[in-house]
Amino acid sequence: MATDSLLQQPPAPLPPKKEETEAGNYFVANYPPFSFWTKEAVAKALEVLEKPAPIDHPMGLYFHIPFCRKRCHFCYFRVYTDKNANEIKSYLDSAVTEMQMMAAKPYVHGRKPLFVYFGGGTPSYLSVPQLTDLTNRMKDLFPWDDAVEVAFEAEPGTLTEKKLDALRSLGVTRLSLGVENFDDHILEINGRAHRSGEIHRAYQHARNIGFPQINIDLIAGMVEETEENWQQCIEQALELAPDCLTIYQMEVPYNTGIYQKMKAEGQLVAPVADWQTKRRWVKEAFARFEAAGYGVSSATTVVKNPATTKFIYRDALWSGADLLPLGVASFGHLGGVHLQNHADIGPYQLLVKNGQLPIFRAYETTHEERFIREFILTLKLGHVQASYYIQKYGIDPRVAFAAQLAHIHAEGFGEVSGDTISLNRDGLMQVDRLLEDFFLPQHRHARYT
Ligand code: SF4
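Residues numbered from 1 in each chain as written. Predicted model: local features only at pLDDT ≥ 70, side-chain atom pairs only at ≥ 80, totals over all residues.

## Points about the overall build of the protein chain
This is how it is decided: Only DSSP runs of H or I reaching four residues or more are called helices, and only runs of E reaching two or more are called strands; each is numbered from the N terminus. All radius of gyration figures rest on C-alpha atoms, and the globule criterion is 2.2 Å times the number of residues raised to 0.38. Whether a residue is buried, exposed or partly exposed follows from its count of other C-beta atoms within 10 Å of its own C-beta, namely 20 or more, 12 or fewer, or something in between, respectively; the C-beta atoms are built from the backbone. A pair of residues counts as a contact when their C-beta atoms, built from backbone coordinates, are within 7 Å of each other.
When helices and strands are tallied, the protein chain shows 18 helices and 15 strands. Since a compact globule built from 449 residues should have a radius of gyration of about 22 Å, the 21 Å found for the protein chain is in line with a globular shape. Counting across all 449 residues of the protein chain, residues that qualify as buried make up 45%. Residue pairs at least 24 apart in sequence account for 77% of intrachain contacts in the protein chain once pairs closer than 6 positions are excluded.

Here it is, written out as structure tokens:
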């Protein structure tokens, strides 16, 4: 039984709190960490694709669009800001070829996606004809008529009224606006392409044409963020009354422009607010939105109506749904195997052109790792039920993680009460720092690249 091996783990102390923002990835997006995924395991992903399609197991699509107007200084994705219309068309053609190959695989053939996610990069960088052509070809291969959510990331400055109308008619149900901040100087100094006027224009039209769900992303602690500016950001976000607000605390991974500058100047501490301040800013924003009737639905989100505002992509992904990764650099999960496509557009397109799936690295998870993954990711919701894991995995997290949960309790961040394991608001604000304690010993202290 997997519980035994977990119980044998020595109690791990929580990592020391570093309040200054130093370089490195802070957020836990998956488990085991990406640095353990290998080229050798790609064969495991290919094996899964040859298996018969599972019955009644949800599947979603993630399609990655790697183009942006300019590179934000805090960006750690591989993005392209110099591609012309022909190169973009060529990429989209490659992606559709990849989709054809995937759709023909026994594990995928005939399955309809429960959800579709367009991420980037900047999906809204595509023109209306490009979006229309792409989605028509996608729908031929993977009909969306049963999809309960089609989510689309957008940069406000790329959204004309015509494009928003097109996105609505193409079936987008969740529009996510990368606002980040409402102040033009802060947007500019952080390398963002859009300005505040574009936010308001895009939001208003999106609201007028009735998108079922509009999310706004903010970042707490951008370069030159101040107390006053942050309070104004909260108020302006509240005035827009989005269905969902997502707030990220600024992290500075190694492949960002901010880190490159730090390195050149010999700085160890990033020129952004410390973690304590960022946590307080998010906490204050959450409290302000709660006072306006919103509910806190995770470590990063508040929603206007918790009963009806769902984020299917996130919840399905965390609970182990199959996610078909499509496009350059995209991540997915099929039949217990994590996989990621080539992160560079050249090798990606070349492999597809040669009739090969462009999978770059993979990881075959064990039963125990899938349990840990789902437990730690869903802990970001703030509370989980032990009985759910006992029923699904045959493991009681209250027993398997007794030492880790005792640490959390001792630090005053949460508690176990009957069937419920919960984090309080302070715990939720730093949940990613707490999660590494739940990793298997061999996965701790890994850089999340
Ligand atoms: S818009 Fe997003 S993906 Fe594009 S450069 Fe900025 S942070 Fe990176």
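Still more to cover.
## Thoughts on the sheet that holds strand S13 (residues 383–385)
Short version of the rule: Strands were regarded as paired on the criterion that DSSP finds at least two bridges between them. The axes used here are C-alpha line fits, helices contributing only the stretch in contact, and every angle between their N-to-C directions lies in the interval 0 to 180 degrees.
In space, the three strands of this open sheet follow the order S13-S15-S14, with antiparallel pairing throughout. Bordering the open sheet on either side are S13 and strand S14 (414–417), each of which pairs with just one other strand. On average, each strand axis in the sheet is inclined to that of its neighbour by 10 degrees, with strand direction left out of account. Across four bridges, S14 lies against strand S15 (residues 420–423) in antiparallel orientation. Note on S15: the bridge partner recorded for Ser 417 is Thr 420.

## A look at the site of the ligand
Here is the rule: Residues are classed as near a molecule or strand if the C-beta position derived from their backbone is within 6 Å of it. Each residue is assigned to one of three groups, with Ala, Val, Leu, Ile, Met, Phe, Trp, Tyr, Cys and Pro labelled nonpolar, Asp, Glu, Lys and Arg labelled charged, and all others, Gly among them, labelled polar.
Taken together, Cys 68, Arg 71, Cys 72, Cys 75, Phe 77, Val 79, Gly 120, Gly 121, Thr 122, Glu 155 and Gly 178 are the residues near the ligand. Tallied by class, the residues present in the shell around the ligand amount to five nonpolar, four polar and two charged.

## Some details on the confidence of the model for the protein chain
This is how it is decided: pLDDT expresses how confident the predictor is about each individual residue, on a scale running from 0 to 100.
Confidence in the prediction for the protein chain averages 93 pLDDT; 95% of positions are at 70 or higher. Taken as a whole, residues 1–5 scores under 50 in pLDDT and shows 10 contacts with residues more than four places along the chain or in a different chain.

## Some points on the pairing of strand S1 (residues 59–65)
Rules: Seen with its strands pointing away from the viewer, a crossover is right-handed when the path leading from the first strand over the helix to the second is clockwise.
Among the seven residues of S1, seven are classified as buried, and the element is accordingly described as predominantly covered. Taking every second residue as pointing to the same face, both faces of S1 are buried, with Met 59, Leu 61, Phe 63 and Ile 65 on one and Gly 60, Tyr 62 and His 64 on the other. As paired elements, S1 and strand S9 (residues 322–326) share five bridges and run parallel to each other. Residue Phe 63 lies in a different strand from S9, and its bridge partner there is Leu 326. Pairing between S1 and strand S2 (residues 115–120): six bridges, direction parallel. Looking at the pairing, Ile 65 lines up with Gly 120 of S2. Traced from S1 through helix H3 (residues 85–103) to S2, the parallel crossover comes out right-handed.

## Considering the domain arrangement of the protein chain
How we decide: Either an automatic procedure or a domain database provided the assignment from which the domain bounds are taken.
Looking at the protein chain, the domain boundaries give domain 1 (1–32 + 366–449) and domain 2 (35–315). Taken together, the 22 residues of domain 1 in the interface contact 22 residues of domain 2. The dominant element in the side of domain 1 that touches domain 2, judged by the number of residues it contributes, is helix H17 (residues 425–429), at three residues. Looking at the side of domain 1 that touches domain 2 residue by residue, the class counts come to nine nonpolar, seven polar and six charged.

## Looking at the pairing of S2
Counting buried residues along S2, six of its six residues qualify, which places the element largely inside the surrounding structure. The side-chain alternation of S2 yields two buried faces, one formed by Phe 115, Tyr 117 and Gly 119 and the other by Val 116, Phe 118 and Gly 120. You can see the chain leave S2, run along helix H4 (residues 128–141) and come back into strand S3 (residues 149–154), and the turn it takes is right-handed.

## Brief notes about the environment of Val 150
Its place among the elements puts Val 150 in strand S3. The class for Val 150 is buried, based on 23 C-beta atoms found within 10 Å. Between the C-alpha atoms of Val 150 and Asp 82, which are 68 residues apart in sequence, the distance is 28 Å. Discounting residues that sit within four places of it in the chain, Val 150 has contacts with Val 116, Trp 144, Gly 171, Val 172 and Thr 173.

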